[in-house]
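Structural description and commentary
Here are the chains, one letter per residue:
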Amino acid sequence: MTALVSETPHRVRHVARGVPVSGDERSFGAGASRFVTPALDLDALVWPRSEPGPAFDTPVAEIMDVLVELGSWLERDPDGLVADALAAARRTNPLPAGVLTEAYASLGRTFTRRTMEFMIEQELGGADVLDGWRTISGTPSGREVRVRAFPARVVHVLAGNAPGVGAVSLLRAALTKGVNLFKLPSNDLYSTSLLLAGLHAVAPGHPTSRSCSAAYWRGGDAEVESVLFRPQFFDKLAAWGGEASLRSARAYVGPGFELVSFDPKTSVSLIGREAFASAESLRAAAEAAATDIMLMDQQACAASRFQYVEGSAAEADRFAAALLPRLGVARRLGSAVGNPVPADIREEVEALRDLAPYARVFGGYEGSGLVVRTEEPVDFHPENKVANVVPVDRLEDALGRINVATQSVGVYPASRKASLRDALAAAGAQRVVTLGNVPVVEAGLPHDGFYPLQRLVRWVSDEG
């Protein structure tokens, strides 16, 4: 019976300008991971430039109403589509089942009116510039000028490390009113199609729904991407993912076709010597660090991987010992026992076991947490709840490890942030946050060093 189920491929739906499309003309993967998709009809997925997009003149307030209804639909799941998508995702997504379940349960909370209003106010200064032309006075020339955040044509290459990537991408796409084609990632085939199916269900034929398409093709497929990634169809390529994916995307960037890059990032923690003031402060710092490490079982860019501890090697060992049990505690987006540590990391860690006192290893490989204390940061990329603890004499000594690929920096205690944030920003860090607060991601604040809504529109001026 098990063999029969594993040989049945799962169906991945496409969405063509708001309409779900089913089919099994194309097959990908093998065994339990095999899936089929409809034929790739490129003409059906894109919008002719000779026509304005369906939502170009739809008021933002009306779009918000539709998105709020989508959020409610996701939470109620009246047609069972959320449950179906989750069950399918468990077959192909590497995240532990508990984390994936919680991530799907959180999708609806992305689309709250308060969140949308905050985003538009923070990133664009109000909805007026989306709905029409904002008058700019006081120009040096004395002329009256009007500007509009005009809807753009965007193809999104999504990352599959978290279902929330598709949700926040749809949110930004809908609010900016453009036309949007979402490329589904192989490790998250179902969440974005689910969201667009939800739009179709709550507002069939609405301009926002008709402004969205989604499809799967192999990343880097030149036969597809050389046709789609052109200014004939799109203004921008909003690309998430790893370095290889982004290098492929950059090959198509040219005049009239801009890259909006959500680069791969690494996040770290800075733990001040105040952590050793008492047993309680050490416990609090370890708990906060574990919270930041375990975000999406350390699959998210914001999840911390390196812990720079202000103190001696012995104090770093005390912190590592306090941290280990906290990595085995289930959290909203982190599992008590996740996937085992990958074989390549095991090999690296085994080699370090023989290097005491340069290194010490705490924990095992079964997925409940592993802490490696070393004098210098390890060369491998920690993942699956693996933390690298590195002692430093002063937190400022860790600044040399910060660069433009550093996304979130968690700091303990919060009082140390003010003295570090300018230097962290100068070194390239993009987000400074109190340790333990990394998972609280506020839409409407800068993302990877820029405001996404500003980048997902075309700024057009009407002068004189």
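All of these numbers come straight from a predicted model, not from anything done at the bench.

1. Some points on the side chain of T92
- Relative to the helices and strands, T92 resides in helix α4 (residues 81-92).
- The exposure class assigned to T92 is buried, which follows from its relative accessible area of 18%.
- Setting aside chain neighbours within four positions, we find T92 in contact with S33, N187, L189 and Y190.

2. A closer look at the sheet that holds strand β13 (residues 266-271)
- The strand order across the open sheet built from 7 strands is β15-β16-β17-β14-β13-β18-β19, with neighbouring strands paired in mixed fashion. Every interior strand has two partners, whereas the edge strands, β15 (359-363) and β19 (431-434), have only one. Shown here is a sheet whose adjacent strand axes are inclined to one another by a mean of 20 degrees, direction ignored.
- Sheet topology places β13 next to strand β18 (residues 406-412); 5 bridges connect them, and they run parallel. Bridge assignment links I271 to a residue of β18, and that residue is Y412.
- Each of β15 and β16 (370-374) touches helix α15 (residues 343-352); the most contacted strand, β16, lies at about 45 degrees to it.

3. Thoughts on unusual backbone geometry
- Note the cis peptide between A356 and P357, where omega equals 5 degrees.
- Tracing the sequence through the fold places P357 in the loop between α15 and β15.
- Of note, the amide linkage connecting Y412 to P413 takes the cis form, showing an omega dihedral of -5 degrees.
- Among the secondary structure elements, P413 is positioned in the loop between β18 and α16 (417-427).
- Of note, the phi angle at K177 is positive, near 70 degrees, even though the residue is not glycine.
- Within the fold, K177 resides in the loop between α8 (164-175) and β9 (179-183).
- Backbone geometry at N384 places phi at a positive 60 degrees, although glycine is not the residue there.
- In this structure, N384 sits in the loop between β16 and β17 (386-392).
- Under the relative-accessibility criterion, N384 is labelled buried at 13%.

4. Describing the sheet that holds strand β20 (residues 457-463)
- Strand order in the open sheet formed by 3 strands is β6-β7-β20, and the pairing between neighbours is antiparallel. Each edge of the open sheet is held by one strand with a lone partner, namely β6 (134-136) and β20. The average undirected angle you get between the axes of adjacent strands in this sheet is 30 degrees.
- Bridge analysis of strand β7 (residues 145-151) against β20 gives 7 bridges, and the strand direction is antiparallel. Bridge assignment links P151 to a residue of β20, and that residue is V457.

Rules used throughout
- Residues numbered from 1 in each chain as written.
- Predicted model: local features only at pLDDT ≥ 70, side-chain atom pairs only at ≥ 80, totals over all residues.
- Heavy atoms only, no water.
- Helix = DSSP H or I, 4+ residues; strand = E, 2+ residues; numbered from the N terminus.
- Buried < 20%, exposed > 50% of the residue type's maximum accessible area, 1.4 Å probe, protein only.
- Contact = heavy atoms within 4.5 Å.
- Pairing = 2+ DSSP bridges.
- Axes fitted to C-alpha atoms, helices over the stretch in contact; angles between N-to-C directions.

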